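These are the residues of each chain, in order.
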Amino acid sequence: MDEAAVAEQAKIAKAMAAQCAANDKGGRLRHISTANMARDLDRIRAALGEENAGFLGYSYGSALGAAYASMFPEKSDRIVLDSEVWADGAVVAVGPRR
């Protein structure tokens, strides 16, 4: 992907974020985060009566699985992450490695 394509995708993402913020009448948007989603996953694990949680993450799911494993290491079982998450938050699909 060249710089022009990255810039175009950033423009689209910013427009979408602005649209979401404009329609966030109840103020819920500030509560939507990867950390909160990981907490939700742990509540689902507990509600199901499971001692540990396994996880298979693709794309953004890799970031979510990594967050879950770092926040709840004692509750994490088998964790498979299909993509790598860079420090800037970008998710790069790398596929299976041997």
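Okay, so let's go over this structure. What you see is a predicted model, and the numbers here were worked out from it, not measured in a lab.

Here is what the cut-offs are and how they apply
Every chain is numbered independently, its residues counted from 1 as its sequence is written. A pLDDT threshold of at least 70 governs which residues receive local features in this predicted model, and a stricter bar of 80 or more applies before side-chain atom pairs are shown or counted, although totals over entire chains, interfaces and linings include all residues. Hydrogens are left out, water is left out, and the side-chain values use all remaining heavy atoms of the structure. Stacked, edge-to-face and tilted labels apply to pairs of Phe, Tyr and Trp rings (six-membered ring for Trp) whose centres lie within 6.5 Å, assigned for plane angles under 30 degrees, over 60, and everything in between, in that order. Per-residue accessibility, obtained with a 1.4 Å probe over protein chains only, is compared with the maximum for each type, and a residue is labelled buried under 20%, exposed over 50%, and partly exposed between these values. Segments assigned H or I by DSSP are reported as helices when at least four residues long, segments assigned E as strands when at least two residues long, and all are numbered from the N terminus. At least two DSSP bridges between two strands are required for those strands to pair. Throughout this description, the term nonpolar core refers to a set of buried Ala, Val, Leu, Ile, Met, Phe, Trp, Tyr and Cys residues connected via side-chain atoms within 4.5 Å. Residue contacts follow a heavy-atom distance rule, with two residues in contact if any of their heavy atoms lie within 4.5 Å. Here an axis means a line fitted to C-alpha atoms, over the contact stretch when the element is a helix, while the angle between two N-to-C directions is reported on a 0 to 180 degree scale. Oblique is the label for every angle not falling under 35 degrees (roughly parallel), over 145 degrees (roughly antiparallel), or within 65 to 115 degrees (roughly perpendicular). Each crossing is labelled by how the near helix is turned from the far one, with a counterclockwise turn of less than a right angle marking it left-handed and a clockwise turn marking it right-handed. Three classes are used: nonpolar for Ala, Val, Leu, Ile, Met, Phe, Trp, Tyr, Cys and Pro, charged for Asp, Glu, Lys and Arg, and polar for all others, with Gly counted as polar.

With that settled, consider the packing of aromatic side chains. Counted according to the given criterion, the structure contains 1 aromatic pair. For the pair Tyr68 and Phe72, a centre-to-centre distance of 5.1 Å together with 35° between the ring planes defines the contact as tilted. Each member of the pair Tyr68 and Phe72 is classed as buried.

Let us look at the pairing of strand β1 (residues 53-57). Every second residue of β1 is oriented toward a common face, the buried set being Ala53, Phe55 and Gly57 and the non-buried set Gly54 and Leu56. Bridging between β1 and strand β2 (residues 76-81) involves 4 bridges; their strand directions are parallel. Note on β2: the bridge partner recorded for Leu56 is Val80.

Our focus in this paragraph is the nonpolar core. Across soluble globular proteins, you tend to see nonpolar side chains buried next to one another. Counting 7 residues, the largest nonpolar core consists of Ala38, Ala53, Phe55, Leu64, Ala67, Tyr68 and Phe72. Secondary structure elements with two or more residues in this core: β1 and α3 (60-71). Here the element with the most residues in this core is α3; it accounts for 3 residues. Not counting residues up to four positions away in its chain, the partners in contact with Tyr68 are Ala38, Leu41, Asp42, Arg45, Ala53, Pro73, Lys75 and Ser76.

Right, let's talk about the packing of helix α2 (residues 34-47) against α3 for a bit. Two numbers describe how α2 lies on α3: the axes approach to 9 Å, and their chain directions differ by 70°. By the angle between their axes, α2 is roughly perpendicular relative to α3. Between α2 and α3 the crossing geometry is right-handed. Contacts from Thr34, Ala35, Met37, Ala38, Arg39, Leu41, Asp42 and Arg45 of α2 reach α3 at Tyr60, Ala63, Leu64, Ala67, Tyr68 and Met71. Broken down by class, the residue content of the contact of α2 with α3 amounts to 10 nonpolar, 1 polar and 3 charged.

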